[in-house]
Amino acid sequence: MGTCLRQVFVAAWTVLALTFPVGAQQSLSIADANTQGLSSVTTTVSLDSDTGTQGYVLAIAVDNSLLSVVNITVEGTDVETVGVELIAAEILPGGLTLGGILDAFSPYEGQMIPAGSGTSIALLSFTPTMISPNPITTSLQFQDGVFNSPPLDNLIVQGGLSIGVAEGLVLNDATVTINPPPPDSILIEDSSATSDGLAIGDARILLSNSSGPVQGFVVAVAHGAEELTLQEITLSGTVTEEVGAEFEVSNLYPNGGTIGVVLDFTPPFDGQTIAIGVDNHIATYRYSCNQIIYLP
């Protein structure tokens, strides 16, 4: 977090929280997660509590040799619904921190996270840094007194009292399993055309790639010359057009067609690619019927 934001957060937290032992057991938990190849993965940090919570601090260790932290957010969580007023997040070497105060500013309406189990308070997103031929498991660990300056501990605040591990806060770590990617593939999607000889049937070319972004491709598709005529091969309405392909060559033949694409072909070489995904629509082969078909 920036210096000014950190100072505001620390000042507000100092006013809110006083360390004091309490008897009830509370817990913070990170959900286990799985991913494949270089596909990003998001996991949830949740709170179990038996009384209202006014704020919290998370400090979590991450093995950056295996996972890169992409995002830390409360958007889409239960705490966003309640109405958190101050959030301070930072991605650090080897970890991350997040602090939240529900009622940080005047008029101090007293909002807090209600008692309950599995209340989501943060979403953490990661991207694997390597592709492995075998599954790899790495830990996400709560880590007190290491990250940020001054170093932060994992805490929650209830009734104005700061509750950490020494006061009975239970911290449940998690694992992320990085599995080998499935084989990259190109699929011709099933299609149809009416039998009047005039209508056009579109066959979409779909790309699934988990090994990494795609910089270009070549597709060669054959068809029955007696039944069909290949009218055109187009990039209109595809992800290829969306990212901005700079080089395209297509050829039509009596019994087939080819297309070759390079995404980033000319200066200034901005590095456009087709991102990792499943069934990305990269091209369309457009056919017409050569004769009236009386049966499908």
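Only a predicted model underlies this, so the values are computations on that prediction, with no experimental measurement involved.

Conventions used here
Residues numbered from 1 in each chain as written. Predicted model: local features only at pLDDT ≥ 70, side-chain atom pairs only at ≥ 80, totals over all residues. Heavy atoms only, no water. Core = buried A, V, L, I, M, F, W, Y, C linked by side-chain atoms within 4.5 Å. Buried < 20%, exposed > 50% of the residue type's maximum accessible area, 1.4 Å probe, protein only. Contact = heavy atoms within 4.5 Å. Pairing = 2+ DSSP bridges. Helix = DSSP H or I, 4+ residues; strand = E, 2+ residues; numbered from the N terminus. Axes fitted to C-alpha atoms, helices over the stretch in contact; angles between N-to-C directions. Salt bridge = Lys/Arg side-chain N within 4 Å of Asp/Glu carboxyl O.

S.K.: Would you take a moment to explain the nonpolar core for this structure?
M.R.: Across soluble globular proteins, nonpolar side chains have a tendency to be buried as a group. Counting residues in hydrophobic clusters, the biggest one holds 33 residues, and the most contacted among them are Val45, Tyr56, Leu58, Ile60, Ile121 and Phe126. Those residues in contact with Phe126, other than ones at most four positions away along the chain, are Ser40, Val41, Thr43, Val62, Leu67, Ser68, Val69, Val70, Leu96 and Leu140.

S.K.: Would you take a moment to explain the sheet that holds strand S19 (residues 247-253) for this structure?
M.R.: Strands belonging to one sheet form pairs held by backbone hydrogen bonds; the direction of such a pair is parallel or antiparallel. What the 3 strands build is an open sheet, ordered S17-S20-S19; its pairing is antiparallel. The sheet is open, and its two borders are formed by strand S17 (216-222) and S19, each paired with just one other strand. Between one strand axis and the next, the sheet turns by 5° as a mean value, whatever way the strands run. As judged from the 7 bridges shared by S17 and strand S20 (residues 256-262), these two strands associate in the antiparallel manner. Bridge assignment links Val219 to a residue of S20, and that residue is Ile259.

S.K.: Honestly, the pattern of salt bridges in this entry has me stumped. Any pointers?
M.R.: When their charged atoms lie close together, side chains carrying opposite charge are able to pair. Throughout the structure, instances matching the rule amount to 3 salt bridges. Here Glu189 makes a salt bridge to Arg204, at a shortest N to O gap of 2.7 Å. Of this pair, Glu189 sits in the loop between strand S15 (185-188) and strand S16 (200-209) while Arg204 is found in strand S16, placing the two residues 15 residues apart along the sequence. Across the salt bridge formed by Asp202 and Arg286, the nearest N and O atoms sit 2.7 Å from each other. Of the two residues, Asp202 is situated in strand S16 and Arg286 in strand S21 (residues 277-289); the sequence distance between them amounts to 84 residues. Looking at Asp202, the relative accessible area reads 31%, which means it is partly exposed. Judged by its relative accessible area of 25%, Arg286 falls in the partly exposed class. It is possible to trace a salt-bridge network through shared partners that takes in Asp202, Glu232 and Arg286.

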